[in-house]
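Fold and geometry: a report
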Amino acid sequence: MTTTNIQLRYTEDEYIKPPHGFCPGCGAALALRYFLKAVGDKIVLIIPPGCTAPAVIRKLEHKGVPIDTIGSPFGNVAIIAGGVKSALVLSGDTETQVVGWAGDGATFDIGFGAVSAAAERNEDIIYVCYDNEGYQNTGNQRSSASPWQTINTTNPSGMPKMEFKKDIMSIMAAHAIPYAATASVAFPDDLMRKAEKAKGMAGFRFLHIMTPCTQGWGFPMNLTLELARMALHTKIFPLFEVENGVNYTINKKPKGTPLSEYTKLQKRFRFMSDEALIELEKITEERWNRLQYLAGYNNT
Ligand SMILES: Cc1ncc(C[n+]2csc(CCOP(=O)(O)OP(=O)(O)O)c2C)c(N)n1
Ligand SMILES: [Mg+2]
């Protein structure tokens, strides 16, 4: 086996490179790295509190040129992004991409009203939710993106989470926005293609990116990509696109890896019983079947 000096994999064209403020093995860092490579320099990022903010705000540069970042309050990333876009257009700049870059807590929960309002007005922005399935910057508190049966620090002592993950993609699709897509750090080509596609469109574009978190999920830092890959192959995080709320396309066929292969690698699922695993498999299969139906697949 050959060993590679990780520095060699970075080129001049990197936006996120060591030393940076992300944890080793952080999925969100990879997501931002790929996203920026695809969308490029003509960009303003609006970032609420979360793991990305301290690592990136007023620190991001490309080939020595600073990239504009604005720190927003937790609850209104999408509204600020819409306002910045309008101001740029009024000043004659119609090219700069305005991007809300927010975690699942800021998107699924606290900023949800703002996301829905901006989507309903079809604000001309790209909104990216990097999903590490919890309030990870403050220590793995439960969000509505945290999966059923995970241990989070805000659950009653010793109890796993009792609610299923919110189906944010169905909610966003119901807004009939021009573009909504899932992506994963395990599939950079697919992620970058979707980022480029979003860049080429107008109106509200929503990307939901699976970004495993070593600290909150409890896995060694070398398993980030393996877990993101497994999330697809267990069908727990399918890769798909929805255009105008109706045209669904599934982008990759899951192998049907048993969910236990995924859950057993993460400490947050340590209280998962065999019965609960069967139930999670059932729900996952139902959601997958529904997605296939929406995408027009023959499911029999
Ligand atoms: C109104 C408000 N409530 C709480 C906080 C504290 N806080 C800062 S980051 C954070 C977690 C954010 O979670 P998420 O949006 O999922 O991003 P992640 O940290 O997982 O990257 C919290 C609760 C805050 N800054 N503002
Ligand atoms: Mg989070």
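Shown above is the structure to which this text applies.
Now for a description of the structure that goes with this document. Each chain has its residues counted from 1, running along the sequence as written. The lettering of chains begins at A and the numbering of ligands begins at 1, in the order of writing. Totals for whole chains, interfaces and linings use every residue, but because this is a predicted model, local features are given only for residues with pLDDT of at least 70 and side-chain atom pairs only at 80 or more, for both listing and counting. The basis for the side-chain values is all heavy atoms of the structure; hydrogens and waters are excluded.

1. Comments concerning the coordination of the magnesium ion (ligand 2)
In this analysis a donor is any N, O or S atom within 2.8 Å of a metal ion (3.2 Å for sodium, potassium and calcium), and since water is not included, sites may seem incomplete. Taken together, Asp104 (OD), Asn132 (OD1) and Gly134 (O) make up the protein donors of the magnesium ion (ligand 2), found 2.0 to 2.1 Å from the metal. Each donor residue of the magnesium ion (ligand 2) belongs to the same chain, and together they define the spacing D-x27-N-x1-G. Taken together, the residues aspartate 104 in helix H4 (residues 104-110) and glycine 134 in the loop between strand E6 (126-131) and helix H6 (168-173) connect sequence positions 30 residues apart. Taking relative accessible area as the criterion, glycine 134 reaches 4% and is therefore assigned buried. Every helix listed is a DSSP run of H or I at least four residues long, and every strand listed is a run of E at least two residues long, numbered separately from the N terminus. Only protein chains enter the accessibility calculation, which uses a 1.4 Å probe; a residue is then buried when its area is under 20% of its type maximum, exposed when over 50%, and partly exposed in between.

2. A few points about the site of ligand 1
The environment of ligand 1 is formed by 15 residues, the closest being Cys51, Gly105, Tyr130, Asn132 and Asn137. A distance of 3.2 Å is found between an oxygen atom of ligand 1 and a side-chain nitrogen or oxygen belonging to aspartate 104. Glycine 134 is positioned with one of its backbone polar atoms (N or O) 3.0 Å from an oxygen atom of ligand 1. Across the complex, the protein chains shield 71% of the 590 Å² of accessible surface that ligand 1 would expose by itself. Among the elements that line the shell around ligand 1, the one with the most residues is H4, at 3 residues. Polar here means any residue other than Ala, Val, Leu, Ile, Met, Phe, Trp, Tyr, Cys and Pro, which are nonpolar, and Asp, Glu, Lys and Arg, which are charged; Gly is therefore polar. Each residue belonging to the shell around ligand 1 can be placed in one class, and the counts come to 6 nonpolar, 8 polar and 1 charged. For this description, a residue counts as near a given molecule or strand if any of its non-hydrogen atoms is within 4 Å of it. Polar contact is the term for a pair of N or O atoms within 3.5 Å; when the atoms are in protein, one must be able to donate a hydrogen and the other to accept it, and sequence-neighboring residues count only if both atoms are side-chain atoms. Note on areas: Shrake-Rupley with a 1.4 Å probe; residue coverage comes only from the protein chains shown.

3. A short note on the pattern of salt bridges
Any Lys or Arg side-chain nitrogen located within 4 Å of an Asp or Glu carboxyl oxygen qualifies as a salt bridge. Tallying each qualifying case throughout the model produces 20 salt bridges. The salt bridge partner of aspartate 124 is lysine 85, with a shortest N-O separation of 4.0 Å. In this pair, aspartate 124 sits in the loop between helix H5 (112-120) and E6 while lysine 85 sits in helix H3 (residues 77-90), placing the two residues 39 residues apart along the sequence. Here aspartate 124 falls in the partly exposed class, since its relative accessible area comes to 29%. Exposure remark for lysine 85: the relative accessible area of 7% places this residue in the buried category. Glutamate 261 is the salt-bridge partner of lysine 264, the closest N and O atoms lying 3.5 Å from each other. Look at glutamate 261 and you get partly exposed, because its relative accessible area is 31%. What emerges from the salt-bridge pattern is a single network uniting Asp190, Arg193, Lys194, Lys197, Glu241 and Glu243.

The analysis is restricted to geometry; functional conclusions fall outside its scope.
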